[in-house]
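# A look at the structure
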Amino acid sequence: MFYTDIYIFLKKLTFRKAINALKLYTSFYITKLFKKPVQWGVPMTISIEPTTACNLRCPECPSGLRSFSRETGNLKEDFFRKTIGDMHRELIYLIFYFQGEPYINPKFLEMVKYASGKGIYTITSTNGHFLDDDNARKTIESGLSRMIISVDGTTQEVYENYRKGGDLNTVLQGARNIVKWKKHLNSRTPHLIFQFLVVKPNEHQIPEIFKLAQEIGIDEVKLKTAQIYDYKYGHELIPTLSTYSRYILNSDGTYRLKNRLLNHCWKLWHACVITWDGMIVPCCFDKDALHNLGDLKNNSFRAIWQGKDYYNFRTSLLQGRNNIEICTNCTEGCKVWA
């Protein structure tokens, strides 16, 4: 199934997209060399937020905690079509996720279908509670390229330690519905992933999630490390298995970030996040959109991408990521791929 996913990706890759990606890589490495922002090309990856609403109350998620300082709402289809219409020629990946549960937006699958029709590799991440038989069929018909389903436990007791208000049986049945309709419609897509957020209460179930995924017919399992906001003095969710922890225990009993902060960031060169109401923010760590780099309701994306605010943010990042709050708990690349 992995090779099928690569085949689907390559089918969507055009010469224009490849040249743009080359520009991005080149300008990023020139920036690293000279320590001054050089930005060629436009993003090849965009995350767009279908909604900030969520049906669950996960303890380390602003959406689950209902703790946003920004307004909540749903992405409007006409705004989405205009945005993607302007950007699709260079766009390789479109991630339908930032905060919230994508399926809560009633126009979500129609927007996926539009983007898929534009030759974009489309991805979403869901908690799996809205994958009834009808939505499962519509998901396959939308042309979605990749679906990540969060399954953070193999029993209800363990699962609900993090997925507060969630029902594991509903999630697993939703996954089975997707697999059924994928076979019934003879579809290569979406590539199905079970994402297992490794925390202390579920780390003993890591072997079981692989067995469960195989039984259902899931293509891949990914183990993800958890971001903890208040980690310095320890937290009940920090795994005891250091391989799956973003944090390391100091000799004085406090914790620190395992990865060293480097004063560069590939995401600032090849990707960005668009909130449901059109704000451009640098990455998925800016959950409250504190670093608003531009508003698509007022300016074109290219003007924002090459504008003063983006340039200043990239400059400040090169001068010291430790001075940017959203960067201080960032572990870019800290995923365990299985």
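Just above sits the structure.
Here's a quick rundown of the structure. Small disclaimer: the values here were computed from a predicted structure and weren't measured. (Residues numbered from 1 in each chain as written. Predicted model: local features only at pLDDT ≥ 70, side-chain atom pairs only at ≥ 80, totals over all residues. Heavy atoms only, no water.)

### Side note on the packing of helix H4 (residues 77-87) against helix H5 (residues 108-117)
Which entries qualify depends on this criterion: Axis geometry follows a simple rule: fit a line to the C-alpha atoms, using only the stretch in contact for helices, then measure angles between N-to-C directions, giving values from 0 to 180 degrees. Strands here mean DSSP runs of E at least two residues long; helices mean DSSP runs of H or I at least four residues long; both are numbered from the N terminus. Here the angle decides the label: under 35 degrees means roughly parallel, over 145 means roughly antiparallel, 65 to 115 means roughly perpendicular, and every other value means oblique. For any helix crossing, the convention is left-handed if the near helix is rotated counterclockwise from the far helix by under a right angle, and right-handed if that rotation is clockwise. By definition in these notes, contact holds between two residues if any of their heavy atoms fall within 4.5 Å. Under the scheme applied here, ten amino acids are nonpolar (Ala, Val, Leu, Ile, Met, Phe, Trp, Tyr, Cys and Pro), four are charged (Asp, Glu, Lys and Arg), and all others, including Gly, are polar.
Running from amino to carboxyl end, H4 crosses H5 at an angle of 15°, the nearest separation of the two axes being 11 Å. The angle between the axes of H4 and H5 places the two elements in the roughly parallel class. At the point where H4 passes H5, the crossing takes the right-handed sense. The residues of H5 that touch H4, namely those facing Glu 77, Phe 80, Arg 81, Ile 84 and Gly 85, are Glu 110, Met 111, Tyr 114 and Ala 115. Of the residues in the contact of H4 with H5, the class split is five nonpolar, one polar and three charged.

### Let's talk about the pattern of salt bridges
Put simply, the rule is: The salt bridge definition used is simple: a Lys or Arg side-chain nitrogen within 4 Å of an Asp or Glu carboxyl oxygen. Only protein chains enter the accessibility calculation, which uses a 1.4 Å probe; a residue whose area is less than 20% of its type maximum is buried, one above 50% is exposed, and one in between is partly exposed.
Taken as a whole, this structure holds 14 salt bridges when the rule is applied. Here Asp 5 and Arg 146 are joined by a salt bridge, their closest N and O atoms 3.0 Å apart. Here the residue Asp 5 occupies a position in helix H1 (residues 2-12), and Arg 146 occupies one in strand S4 (residues 146-150), the gap between them amounting to 141 residues. The same class applies to Asp 5 as to Arg 146, namely buried. Put simply, Asp 133 and Lys 180 hold a salt bridge, and the shortest N to O gap is 2.5 Å. Residue Asp 133 is located in helix H6 (residues 133-142), and its partner Lys 180 is located in helix H8 (residues 168-184); the two are separated by 47 residues in the primary sequence. Taking the relative accessible area as the measure of exposure, Asp 133 reaches 33% and is therefore partly exposed. With a relative accessible area of 41%, Lys 180 lands in the partly exposed category. Members of the salt-bridge network, linked through shared partners, are Asp 134, Arg 137, Lys 138 and Glu 141.

### Focus on the packing of aromatic side chains
Rules: Ring pairs are drawn from Phe, Tyr and Trp, using the six-membered ring of Trp, whenever the two centres fall within 6.5 Å, and their geometry is named by plane angle: stacked under 30 degrees, edge-to-face over 60, tilted for the rest. Distance and angle both matter: a charge sits over a ring if NZ of Lys or CZ of Arg is within 6 Å of the ring centre and within 35 degrees of the ring normal.
Counted under the stated rule, the structure contains 14 aromatic pairs. Considering the side-chain rings of Phe 9 and Tyr 93, the 5.6 Å spacing of their centres and the 15° angle between planes classify their relative orientation as stacked. Of this pair, Phe 9 sits in helix H1 while Tyr 93 sits in strand S2 (residues 93-96), and the two are 84 residues apart along the sequence. Relative to Tyr 114, the ring of Phe 80 has its centre 6.2 Å away and its plane inclined at 70°; by these criteria the two rings are edge-to-face. With Phe 80 in helix H4 and Tyr 114 in helix H5, this pair connects stretches of sequence that are 34 residues apart. The structure contains a cluster of three or more aromatic residues connected by ring pairs, namely Tyr 25, Phe 28, Tyr 29, Trp 266 and Trp 269. For the cation-ring pair, Arg 314 lies above Trp 269, with the distance from its terminal atom to the ring centre recorded as 5.6 Å. It is Arg 314 that lies over the ring of Trp 305; its NZ or CZ is 4.6 Å from the centre.

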